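Structural characterization, general
Below, each chain spelled out in residue letters.
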Amino acid sequence: MRRTAALILIGNEILSGRTRDDNIQFLATRLGELGIPLREIRVIPDIRETIVEAVTELRARFDEVFTTGGIGPTHDDITAPCMAEAFGVPWEFHPATFKLLEDFFGAEKFNAARQRMAKLPRGATPIPNSVSVAPGFTIGNVHVMAGVPRIMRSMFEALAPSLKQGAPVFSRTWYTPSLYEGALAEGLEAIQDRFPDLDLGSYPFHREDGRCGVALVAKGQDKAEVEKAAQAIYDLLKEKGGAPVEGEPPP
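Overview of the structure. As the structure is a computational prediction, the values presented were derived from the model and not from experiment. (Residues numbered from 1 in each chain as written. Predicted model: local features only at pLDDT ≥ 70, side-chain atom pairs only at ≥ 80, totals over all residues. Heavy atoms only, no water.)

Brief notes about the overall build of the protein chain
Helices and strands together make up the secondary structure of the protein chain, namely nine helices and 12 strands. Projecting the C-alpha coordinates of the protein chain onto the three principal axes gives extents of approximately 70 × 40 × 30 Å. Counting the 251 residues in the protein chain, one finds 45% classified as buried. Put simply, 70% of the contacts in the protein chain that link residues at least 6 apart link residues at least 24 apart. Looking at the protein chain as shown, the accessible area adds up to about 12800 Å², and 52% of this sits on carbon and sulfur atoms. Both charge centroids of the protein chain, one from 28 positive and one from 34 negative side chains, sit 4 Å from each other. (Helix = DSSP H or I, 4+ residues; strand = E, 2+ residues; numbered from the N terminus. Buried < 20%, exposed > 50% of the residue type's maximum accessible area, 1.4 Å probe, protein only. Contact = heavy atoms within 4.5 Å. Areas by Shrake-Rupley, 256 points an atom, 1.4 Å probe, with all protein chains shown as cover. Lys, Arg positive; Asp, Glu negative; His and termini not counted. Charge placed at Lys NZ, Arg CZ, Asp CG, Glu CD.)

Some points on helix 3 (residues 48–61)
Between the first and last C-alpha of helix 3 there are 20 Å, a value that for 14 residues agrees with the 20 Å anticipated at 1.5 Å per step. Of all the residues in helix 3, the buried ones are Ile-51, Val-52, Ala-54, Val-55 and Leu-58. Angularly, the buried residues of helix 3 cover 165° about the axis, an arc narrow enough to put them on a single face. Opposite the packed face of helix 3, turned more than 90 degrees from it, sit the exposed residues Glu-53 and Ala-60. Elements that come into contact with the buried residues of helix 3 comprise strand 1 (5–10), strand 2 (38–44), strand 3 (64–68), helix 4 (79–87) and strand 8 (142–145). (Expected span 1.5 Å × (residues − 1). Arc of directions from axis to C-beta.)

Describing the sheet that holds strand 7 (residues 136–139)
The strand order 2-1-3-8-7-6 describes an open sheet built from six strands, whose pairing is mixed. Every other strand in the sheet has two partners, leaving strand 2 and strand 6 (125–127) as the edge strands with one partner each. Averaged over all pairs of adjacent strands, the angle between their axes in this sheet comes to 20°, without regard to strand direction. In terms of strand pairing, strand 7 meets strand 8 through three bridges, oriented antiparallel. (Pairing = 2+ DSSP bridges. Axes fitted to C-alpha atoms, helices over the stretch in contact; angles between N-to-C directions.)

A few points about the pattern of salt bridges
Enumeration according to the criterion identifies 17 salt bridges in this entry. Ionic pairing is found between Glu-157 and Arg-30, a salt bridge with its closest N-O pair at 2.9 Å. Of this pair, Glu-157 sits in helix 7 (residues 149–159) while Arg-30 sits in helix 2 (residues 24–33); the two residues are 127 residues apart in sequence, bridging distant segments of the chain. With relative accessibility at 35%, the residue Glu-157 sits in the partly exposed group. For the salt bridge of Glu-92 with Arg-122, the shortest nitrogen-to-oxygen distance reads 2.9 Å. With a gap of 30 residues between them, Glu-92 in strand 4 (residues 91–93) and Arg-122 in the loop between strand 5 (119–121) and strand 6 connect regions that are remote in the sequence. Accessibility expressed as a relative area gives 26% for Glu-92, which makes it partly exposed. With relative accessibility at 47%, the residue Arg-122 sits in the partly exposed group. (Salt bridge = Lys/Arg side-chain N within 4 Å of Asp/Glu carboxyl O.)

The following block contains the structure:
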C-alpha cells in the first residue's frame, strides 16, 4: 500500500536563518521506515493566513501532514489556533491537558501564557511529550509537533505506533571516487526509464582532503525493483571504468 506525507516547518526564525532546522532528516528517515515517505516539505512564517492555507491544501493532497513549531506559550505561537481555523472548529481548553500542565507547573506558576498550551482545536487528540510535558496534537490527518528537535522526536515516537503504515522504503547506494556525474548522466537516465516507479539520484561529493566522486542511489517501496536497479547502477559504474563501493561515501 502506498502512502504519502508532507511536512510543514513553521517559524520566522527558520526563514530568517536564526535557527537551523534539524527535524527534516529525522522525519524523512522515520517516515520512510514506516512506509509513509515525505513527498513535500514547506517552510512558512508565523502568519495566520499562510498557515491555514498550507494546512488546508496539503491535508487534501497527502495521507498524513506533519507540522513542527509554533505551539509554545508566546504570542507568536499561533499554530494551534490556526489549525482550529483550518478545520473550522473552536480553539478551546482541553480539560485533561489543562490538568496535566497545572499539575506540572503548580497552580501558582500556571499563568495565562502557559495556559495557552492547554488549548487545542476541538476534537484534537493530544500527542504525549515525555520531555517537557506540553503535548502536541493530532486533528484529522494533521499531526502538530514542537519545533525543538528533542521534543519533536519524543512526540513523533509517541505518535508513530498509531500511524497507518504503508510499504517501507528500501534504498541501495553505490559510490565511486573515480567518476563524475557527467560521465554517468546518460546511463543513469536510461536506468530511470527502466524503473519509472523508483527514485534514482546522483550525488557528487567533494571532501576537504581532495577526495571526490559521485554516489548513485536507488530508492523505492518495491524491494525487488530496487535490487534490480542497484545492480544496473553497479554495472553502469563498472562499464564507465569506476570502482563501485556499496554504501555512502566516507565523510
